[in-house]
Amino acid sequence: SNTPYDRFCAEILGASGSTAESPPSAYYRITREADLQMENTTQLFLGVRFNCNKCHDHPFERWTQKQHWGLAAYFSRVSRSKSPSDESDEIVSDAQDGELNHPDTNDLVAPIFPYEVSSDTQASDPLSRREELVSWMTSPGNPYFAKSYVNRIWGYMFGRGLIEPVDDIRAGNPPTHPALLQKLTEEFIAEDFDVRH
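Anyway, here's the lowdown on the structure attached to this text. (Residues numbered from 1 in each chain as written. Predicted model: local features only at pLDDT ≥ 70, side-chain atom pairs only at ≥ 80, totals over all residues. Heavy atoms only, no water.)

**Side note on the environment of L162**
- Tracing the backbone through its elements, the reader meets L162 in the loop between helix 6 (145–158) and helix 7 (178–190).
- A sequence separation of 23 residues divides L162 from T185, and the C-alpha atoms of the two residues are 12 Å apart.
- The residues contacting L162, other than those within four sequence positions of it, are N151, W154, P174, P175, T176, H177, L180, L181 and L184. (Helix = DSSP H or I, 4+ residues; strand = E, 2+ residues; numbered from the N terminus. Contact = heavy atoms within 4.5 Å.)

See below:
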């Protein structure tokens, strides 16, 4: 149906309900720990490996341990419960509480994004943490979101990404053709994340 890529990702990351009736919510069945869920999500949807800064600040990149746990806190309120009608089914939802404790200090970790993103999203009601995450991640202003997908498509079509590996976008791993990647990324955003385009 050529669902725009930003909406496709939002439907997966923001999915709630029965994993049998709402298949995108099954994304939350595979990995259950908030920090691992965050690492999978950033690698998949942003092309950023956010695991080297789990135990300490990244030695060569800008990512810090505080950023790792702050971003993981957005997943700390994902609730999973057994379906009353089907034992193999789970119900995914957003809990009103549930916090993440820093593994070294045991202090509560406040949710915080590792970098700011310009966004036009305005909501009259307070957003859940996952809704905030989806808005931040899929924003046209997020410098990794569109670039990551464009690079993946290039890799699928030509056998090698402009950044390789395709899920390792970082300062120490620059693209082979930066101007081309930038132009394709800008066009993908301008076309409202139209995958066929």
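**Quick word on the pairing of strand 3 (residues 90–94)**
- Here strand 1 (residues 17–18) runs beside strand 3; their pairing, made up of two bridges, is antiparallel. Within strand 3, the position partnered with G17 by the bridge is V92. (Pairing = 2+ DSSP bridges.)

**Thoughts on the pattern of salt bridges**
- Under the criterion given, the structure shown has ten salt bridges.
- Salt-bridge contacts for D35 lead to K54; the nearest nitrogen and oxygen are separated by 2.6 Å. Taken together, the residues D35 in helix 3 (residues 34–45) and K54 in the loop between helix 3 and helix 4 (65–72) connect sequence positions 19 residues apart.
- We classify K54 as partly exposed; its relative accessible area is 22%.
- The salt bridge partner of D168 is R170, with a shortest N-O separation of 3.0 Å.
- Relative accessible area serves as the criterion here: at 8%, D168 is assigned to the buried category.
- For R170, a relative accessible area of 33% puts it in the partly exposed group.
- A single salt-bridge network, built from bridges that share partners, covers R29, R32 and E90. (Salt bridge = Lys/Arg side-chain N within 4 Å of Asp/Glu carboxyl O. Buried < 20%, exposed > 50% of the residue type's maximum accessible area, 1.4 Å probe, protein only.)

**Comments concerning the side chain of S148**
- Tracing the sequence through the fold places S148 in helix 6.
- Excluding anything up to four places from it in sequence, S148 contacts L44, F45, L46, G47 and I169.

**With respect to the packing of helix 3 against helix 6**
- At a closest axis distance of 8 Å, the pairing of helix 3 and helix 6 adopts a crossing angle of 65°. Across from Q43, L44 and F45 in helix 3, the residues of helix 6 making contact are F145, S148 and R152.
- Of the residues belonging to the contact of helix 3 with helix 6, the class tally is three nonpolar, two polar and one charged. (Axes fitted to C-alpha atoms, helices over the stretch in contact; angles between N-to-C directions. Nonpolar A, V, L, I, M, F, W, Y, C, P; charged D, E, K, R; others polar.)

**Some details on empty space enclosed by the protein**
- Per the counting criterion, the structure on display carries one cavity of 30 Å³ or more.
- Every residue lining the largest cavity is listed: T42, L46, V48, F50, W63, L71, P114, Y115, W136 and Y144. (1 Å grid on protein atoms, 1.4 Å probe; cavity = no way out; pocket = protein on both sides within 12 Å on 5 of 7 lines; lining within 4 Å. Points joined across faces, edges and corners; volume = space filled by probe spheres on them.)

**Quick notes on the packing of aromatic side chains**
- This structure, assessed with the given rule, holds 17 aromatic pairs.
- Both rings, one in Y5 and one in F188, keep their centres 6.3 Å apart while their planes meet at 40°; by these two values the pair is tilted. Highlighted residues: Y5 in helix 1 (residues 5–13) and F188 in helix 7, separated in sequence by 183 residues. When sorted by exposure, Y5 lands in the same class as F188, which is buried.
- Plain terms: the ring middles of W154 and F158 are 4.3 Å apart, the flat faces sit at 35° to each other, and that makes the pair tilted. Linking W154 with F158, this pair stays in helix 6, spanning four residues, or about one helical turn.
- Look at W154 and you get partly exposed, because its relative accessible area is 24%.
- The exposed category is assigned to F158, whose relative accessible area is 56%. (Phe/Tyr/Trp six-rings, centres within 6.5 Å; stacked < 30°, edge-to-face > 60°.)

**Describing the packing of helix 3 against helix 4**
- Orientation of helix 3 relative to helix 4, taken along the N-to-C sense of each, is 100°, at an axis distance of 8 Å. In terms of orientation, helix 3 lies roughly perpendicular with respect to helix 4. For the pair formed by helix 3 and helix 4, the contact residues are A34, D35, M38, E39 and T42 on the first element and H68, W69, L71 and A72 on the second.
- Here the contact of helix 3 with helix 4 is composed, by residue class, of five nonpolar, two polar and two charged. (Parallel < 35°, antiparallel > 145°, perpendicular 65-115°, else oblique.)

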